[in-house]
Structures are given as C-alpha cells and as structure tokens.
Amino acid sequence: MSYSVVPVRPLTEDEISRYDSDGVIMVKGAIDANWLHLIEAGLEKARLEMSLLGKFMSRKTQGYQMDTFLWKRVDEIRDAIYYGPFAHWAQQLMGAKEVRFFYDQMFVKEPGTDAPTPWHQDLSFWPIRGEQITSFWIPLDPVTRESSGLMYVKGSHKWTQRFKAISPDYVAAIIDEKMDDIPDINANPEKYDLLDWVMNPGDILMFHPLTLHGSYGNNHRTRRRRALALRWTGDDVIWEPSSKRMPIFYQHTSIVGKGLSGAAFPRILPEPIALERNIRRFTETPSKMQLLVSGINNITAAVRLKFKLRPPQLRQTWK
Ligand SMILES: O=C(O)CCC(=O)C(=O)O
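Note that this is a predicted model, so its numbers are computed, not measured.

1. Focus: the nonpolar core
- Residues Ile39, Leu205 and Met206 are the most contacted members of the largest nonpolar core, which totals 78 residues.
- Here this core takes seven residues from strand E3 (residues 99-109), the largest share from any one element.

Below is the structure:
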C-alpha cells in the first residue's frame with residue numbers, strides 16, 4: 001500500500017466555520033476504502049489483543065469493548081495516524097502549526113448491547129488544557145441514533161460549565177466533585193438543540209473537546225457498532241495532570257504547565273520527530289504495577305463518592 005499524507009480534499013471554509021459555531025461537523029465520505037480497511041484491520045486485531053486496562057474497562061460480557069492507545073500495539077492504527085490524512089484536517093480545525101497525536105480509543109457495542117455512552121465533555125477526562133484540541137470519530141459500521149450513533153448538543157462547547165467526567169464504565173477516580181453536574185438531557189430533549197446523523201463507513205465526526213455528546217446502546221439486532229476515535233492537540237496545549245484526570249501509562253517528557261512532548265504524544269506535523277518515531281518501533285504497554293495503583297485509586301474514589309454524592313446527580317435517562 002502506498003500512503004498519501006495530504007487529504008483527498010481539505011476541509012472547506014464552511015465546514016470550519018460550522019465546526020467553530022456548532023462544536024461538531026459530520027464530514028461525508030471523508031476517507032476512502034483503503035484507509036477504512038487499514039483501520040478496520042487494526043481495530044479487529046486490537047479486539048483480539050485487548051490491553052489489560054482495556055479488558056478491565058470493558059464490560060465484555062455485556063457486549064461492550066473499549067480500549068485506548070491501540071497504536072502502541074497495532075501497526076495498522078499507528079500507520080493510519082502517522083500517514084493518514086487526519087492530522088491535516090486537525091491542523092485546519094485547530095488553526096495550529098504543530099499537530100501532536102494525543103491518543104486513540106476504540107468503542108465496540110455488539111448488537112443489542114444496552115450500554116449507553118453517558119453525556120459528557122471529553123476535556124473533563126484529560127490531563128491537558130488548551131483550545132487547540134480536536135477529536136475524530138470514525139465508525140466502521142453504518143450507524144443511526146438507534147444503533148448508538150453519537151448525539152451532540154449544538155454549540156455546547158461555548159457553555160461556561162465544566163461537567164463531571166462520567167464514562168460508560170463509571171471510572172470513579174476521575175469524577176471531580178467540584179465540577180458541574182451534567183443535566184439529564186434525554187429527560188428534557190426539547191430544551192436542547194441536538195445534532196446527530198445517519199452515518200456510513202467513510203464518514204467522520206470531527207468535534208471540539210467541550211461539546212457535550214453521548215449515545216444510546218446499540219439497539220440494532222444484527223449489526224455491531226465499531227468506532228475508533230483519534231484525538232489531536234495543537235500549539236497551545238499544556239500538560240496538566242491531576243489525580244482526577246485520566247492517567248497516562250506511556251513514556252513521555254511533558255512537564256507540568258508546558259507543552260506535550262515525547263513518544264506518548266508524537267508530533268505528526270509539520271513533520272514527525274526522529275526520536276519519537278524510533279521509540280514507536282517498540283511495543284509499549286502499561287506495567288502491572290501502574291494498573292494496580294490505578295485500580296486501587298479507583299476503588300478508593302468509588303467508596304468516597306458513594307458516601308459524598310447523592311447517586312441521582314450522576315444518573316441519566318437513556319431509555
Ligand atoms: O463511541 C462512543 O460511544 C463514545 C465516543 C466518545 O465519547 C468520544 O469519542 O469522545
């Protein structure tokens with residue numbers, strides 16, 4: 001396969017201005033069958049070789065699989081990130097000179113899986129701060145609202161609230177009690193301007209990290225719902241870890257209050273950095289000790305939360 005770095009088409013002025021005003025755009029037919037097949041092959045490989053963390057976070061018996069940093073283990077995903085058109089689109093949307101890859105995340109819901117993705121803002125989960133951040137959601141199966149296509153609250157990236165990080169797997173360690181409670185959007189849908197799309201493989205959602213989004217479980221009787229999210233950062237992004245943010249288990253050299261650096265968050269544009277590119281040749285996985293510490297933090301946080309928060313504050317209507 002030969003790789004083309006430049007996208008078949010750049011995003012238009014209209015797409016960029018809709019991204020800025022709505023916080024999300026759906027780009028139809030953004031990638032062709034070559035890229036799709038590469039990503040699909042990578043995702044299927046990753047599903048068979050889930051990381052320990054992924055196994056822990058997935059409620060596999062209920063038909064839900066989630067994993068992160070696939071590219072550290074799966075060459076197909078790594079190649080899509082390094083050589084695909086994605087970084088160019090991220091550069092346009094963020095208005096950035098430098099584009100770094102933050103991380104990837106796969107979400108699989110088997111047919112009939114009752115595992116909604118709670119409404120959330122991505123930035124509440126992450127150990128970074130900045131404006132120049134964007135995510136791409138790449139479905140590998142046709143999706144509708146009923147088969148767990150993502151829904152967005154139009155323009156919510158401009159709201160001033162920062163909502164608690166509620167994940168499908170309910171990771172208590174990252175729920176910051178000081179953040180705002182997420183409103184029960186599905187209980188009062190008339191109050192919100194909701195956006196969602198019927199999507200086919202090749203279409204991509206591009207969205208701002210503060211745009212509220214979520215999805216129903218997969219109510220389709222026969223079709224899986226597989227998707228890969230790719231997350232990108234630009235020039236103004238700062239490393240800001242805390243015990244209430246997603247831990248990063250991979251090698252990097254980022255310093256608190258300074259920009260991202262090192263092989264966990266490789267630079268893709270204007271061009272990759274040789275040292276980071278060399279490290280990526282070696283498969284990296286979180287150590288068992290890191291995962292144990294993280295597991296203990298989560299259990300401690302869950303116990304603390306149980307006594308401090310009234311459970312209804314975290315509940316959302318998804319029926
Ligand atoms: O696919 C999903 O259910 C969740 C995706 C999501 O929330 C994201 O990519 O930020």
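2. Some details on the environment of Arg267
- Relative to the helices and strands, Arg267 is located in strand E13 (residues 267-269).
- A tally of 20 C-beta atoms within 10 Å means that Arg267 is categorised as buried.
- Ignoring anything within four residues of it in the chain, the contact list for Arg267 reads Glu98, Arg100, Pro272, Ile273 and Glu276.

3. What to know about the sheet that holds strand E7 (residues 151-153)
- The four strands are arranged E4-E10-E7-E8 in an open sheet whose pairing can be described as antiparallel. At either margin of the open sheet sits one strand with a lone partner, and together these are strand E4 (117-120) and strand E8 (194-196). Averaged over neighbouring strand pairs, the angle between their axes works out to 25° when direction is ignored.
- With three bridges connecting them, E7 and E8 associate as antiparallel partners. Opposite Val153, over in E8, you have Leu194 as the bridge partner.

4. Focus on the site of the ligand
- Every residue near the ligand is listed here: Phe107, Thr117, Asp122, Ser135, Trp137, His213, Ser215, Ala227 and Ala229.
- Those elements that provide at least two residues to the shell around the ligand are strand E6 (133-139), strand E10 (213-215) and strand E11 (225-233).
- For the shell around the ligand, the residue count by class is four nonpolar, four polar and one charged.

Rules used in this analysis
- Residues numbered from 1 in each chain as written.
- Predicted model: local features only at pLDDT ≥ 70, side-chain atom pairs only at ≥ 80, totals over all residues.
- Core = buried A, V, L, I, M, F, W, Y, C linked by C-beta atoms within 7 Å.
- Buried ≥ 20, exposed ≤ 12 C-beta atoms within 10 Å, placed from the backbone.
- Helix = DSSP H or I, 4+ residues; strand = E, 2+ residues; numbered from the N terminus.
- Contact = placed C-beta atoms within 7 Å.
- Pairing = 2+ DSSP bridges.
- Axes fitted to C-alpha atoms, helices over the stretch in contact; angles between N-to-C directions.
- Near = placed C-beta within 6 Å.
- Nonpolar A, V, L, I, M, F, W, Y, C, P; charged D, E, K, R; others polar.

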